[in-house]
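# Chain and residue survey
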2 protein chains.
Amino acid sequence: MGDAKTVRVPARDLPVPSYLSPIAQTILANPSYDGGPAAFPDQDDREGWRAHIRMAEAGLMPMLQQISPSSPAEVIERDLDGLCVFDVTPEDLPAGSGGVVLDLHGGGLFLCGGELCRLMAIGIATRLKTKVWSPDYRMPPDHPYPAALDDAMTAYRALLEQYDPSRIVVHGASAGGNLAAALILRARDEGLAMPAGAILQTPEADLTESGDSFHVNLGVDPGLAPLMPVNLLYANGHDLTDPYLSPLFGDFTKGFPPTILTTGTRDLFLSNTVRMHRALRAADIPAELHVVEAAGHGNFSGAPEGDEIDKEIRHFLESVLSQKTVTGGEGS
Amino acid sequence: MGDAKTVRVPARDLPVPSYLSPIAQTILANPSYDGGPAAFPDQDDREGWRAHIRMAEAGLMPMLQQISPSSPAEVIERDLDGLCVFDVTPEDLPAGSGGVVLDLHGGGLFLCGGELCRLMAIGIATRLKTKVWSPDYRMPPDHPYPAALDDAMTAYRALLEQYDPSRIVVHGASAGGNLAAALILRARDEGLAMPAGAILQTPEADLTESGDSFHVNLGVDPGLAPLMPVNLLYANGHDLTDPYLSPLFGDFTKGFPPTILTTGTRDLFLSNTVRMHRALRAADIPAELHVVEAAGHGNFSGAPEGDEIDKEIRHFLESVLSQKTVTGGEGS
């Protein structure tokens, strides 16, 4: 097999399902991406990439700023030898919840550092009702692979000095899901203790973009374009199929913690997510999958449909953090 | 919201993913349905429906006959006051596996009775390594709703006389998933004991066909067409939103057993399946979801990708059947 056989699918008009929440309907009715060619700078045009990033982040900032966190949170900026980590503690943190989530932020592996990282960390901490560490990891064009993963490792090593690994859960959405899974594979390969669990939300598990949904959901996902130029910028010549760049291709039989994965039926990363789920299950890793009806990349975050997923993740967090008692020190 | 806003998706060529098994690639490369209008007889044309059914079943028979069961099985034809039930026991049934699967066969609620039902029951029993009861339930045009569900209830009541409910798991694929879920809702409403679990494979949970994948995966699914004319024939004037006809709309807070659900990313019933999963989870019912990459309706059954799903279902069966010890009699 493996021939060039394709199946032609005619154009169609997709109605916005009337049974979705009003917020979810609004998201689908106002797509920001139509499936056409997305414009990115040339690979070597560093100033072009910097300008692209500035413009994209300027567009994202007001969206993140207008999302009021569901509760107040204290944010400490930790300095790990030059790596800034946002250490977020929600004020309404339940007593006795001595876990911490290491969050790797999303943004295509090239966006959402600094203030955007801080805002997203607050959002995750308050939605999931957990303490969060979110490293403001380095990114291209100036810091391609392996800088971001190195920084994630730095943060994980620092957490291991303060927490028993059974109290640590790694979280990542989108590009953060790539880094979260890659971090766990690399930590395992380097002999570090495994965290208690992994939360992979619509993870960018495959930088080669080989999944079927890159075709089926192209332009069906209301917001996400293929990102190959960005992936190549990030990889900086490294093999995209290396499991540290595309964790989907990792060997999970060597160990991986219990994992929860989330996606939507219109998600461009639907295949990334379900293939990652199947790869984990093929290695007998406990892994649960949640798919949001009609949601694109982002799982209707902020809508009631997204709140349901947050509830599943909180349930998962409670479950994996209750598996073992704390044996090591537990820092502030 | 709820306005008529639609999103236009252009025509596209879907490649057959090269990382799929050869069998799965062959299935995708040879679609039997292209997304165009499917021809069905007029609602009142009973002879037309009978001819349609004969032709469709004649096409299905050789496919089922050529699938050799993975192991021999003994088949007893039980007669429950005129309802034939195929009682299938695989010869390699593991010792001590005292459970039974009540299977409601697929076939759009109008196909696959008789010999086709018998062959499918053998297939399920040998693949899942379990004893199976499969009622050859009545179907339209001569026996519309509620005949099939009545027959399913007859079989379930008969099983309850021989097995503790903790040893019974209800299974259905496609239309059988509709009947399996509807049976459980009706049994619950009538005060019968709940089975230990439910296996819903790409279930036809919503006869109104409101799900988003009825649009997104139209012609993307290589084999399944929308079935509204059949649904109306089956309903025979009954409200399609009645939970006994569309179990997706049931109230699961009143009780439902642990459930495993399976589908594929190209499945026309992807939305049926993930919405059913979310409805169960919203009611805090233990429910796990497995989605096969690029699979249409049928989950690549017979391919290695389908074998993985069978393994998940066997795992689920072992799990729910180990929850309680047998308290009642356990028949042959």
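Residues numbered from 1 in each chain as written. Chains lettered and ligands numbered in written order. Predicted model: local features only at pLDDT ≥ 70, side-chain atom pairs only at ≥ 80, totals over all residues. Heavy atoms only, no water.

In the nomenclature of an unreviewed UniProt entry, chain A is known as Esterase of Novosphingobium malaysiense. Per UniProt, chain A has the following entry under Sequence similarities (unreviewed entry): "Belongs to the 'GDXG' lipolytic enzyme family." (UniProt positions renumbered as here; feature names shortened; annotations may be inferred.)

Bringing the UniProt feature "domain: Alpha/beta hydrolase fold-3" (unreviewed entry) in chain A into the picture now. As recorded in UniProt, the sites labelled "domain: Alpha/beta hydrolase fold-3" (unreviewed entry) are residues 101–298 of chain A. Helix makes up 35% of residues 101–298 of chain A and strand 16%, and the two end C-alpha atoms of the span are 19 Å apart. (Helix = DSSP H or I, 4+ residues; strand = E, 2+ residues; numbered from the N terminus.)

Residue and element names in this part refer to chain A. Taking 1.5 Å of rise per residue, 21 residues should cover 30 Å, and helix H2 (residues 46–66) covers 31 Å from first to last C-alpha, within 8% of that figure. By the largest-angle criterion, Leu 60 marks the main kink of H2, which is about 25°, and a proline, Pro 62, follows within four residues. Turning to H2, its buried residues are Gly 48, Trp 49, His 52, Ile 53, Glu 57 and Leu 64. (Expected span 1.5 Å × (residues − 1). Bend = angle between axes of the 7 residues up to and from the residue. Buried < 20%, exposed > 50% of the residue type's maximum accessible area, 1.4 Å probe, protein only.)

Before going further, it helps to spend a moment on unusual backbone geometry. One can expect most non-glycine residues to show negative phi and most peptide bonds to be in trans. Residue and element names in this part refer to chain A. For the bond running from Tyr 145 to Pro 146, omega is 5°, close enough to zero to count as cis. Checked against the element boundaries, Pro 146 lands in the loop between strand S6 (131–135) and helix H4 (147–162). Located in the positive-phi region is Thr 202, a residue other than glycine, with phi close to 35°. With a phi angle near 60°, Asp 284 is a residue other than glycine that sits in the positive phi range.

The next subject is the packing of aromatic side chains. Within the structure shown, the criterion is met by 10 aromatic pairs over all chains. The interplanar angle of 70° and the centroid separation of 5.9 Å between the aromatic rings of Tyr145(A) and Tyr234(A) together place this pair among those described as edge-to-face. Here Tyr145(A) is found in the loop between S6 and H4, whereas its partner Tyr234(A) is found in helix H7 (residues 228–235), with 89 residues between them in sequence. Among the residues examined, Tyr145(A) registers a relative accessible area of 9% and is labelled buried. Between Phe252(B) and Phe256(B) the ring centres are 5.3 Å apart and the planes differ by 90°, which places this aromatic pair in the edge-to-face class. Since its relative accessible area comes to 4%, Phe252(B) is described here as buried. What links up through ring pairs into an aromatic cluster is the set Phe40(A), Trp49(A) and Phe110(A). Directly above the ring of Tyr19(B) sits Arg275(A), whose terminal nitrogen or CZ lies 3.6 Å from the centroid. (Phe/Tyr/Trp six-rings, centres within 6.5 Å; stacked < 30°, edge-to-face > 60°. Lys NZ or Arg CZ within 6 Å of the ring centre and 35° of its normal.)

On to the nonpolar core. What tends to happen in soluble globular proteins is that the nonpolar side chains get buried as a cluster. In this structure, Phe256(A), Met276(A) and Phe256(B) are the most contacted members of the largest nonpolar core, which totals 108 residues. Those residues in contact with Phe256(A) that sit more than four places away from it in its chain are Ala181(A), Ile184(A), Leu185(A), Ala198(A), Met276(A), Leu280(A) and Ile285(A). (Core = buried A, V, L, I, M, F, W, Y, C linked by side-chain atoms within 4.5 Å. Contact = heavy atoms within 4.5 Å.)

Next up on the list: the confidence of the model for chain A. When pLDDT is averaged along chain A, the result is 94; 95% of the residues meet or exceed 70. The low-confidence segment residues 326–332 of chain A, where pLDDT is below 50, has 16 contacts with residues more than four positions distant or belonging to other chains. (pLDDT = per-residue confidence, 0-100.)

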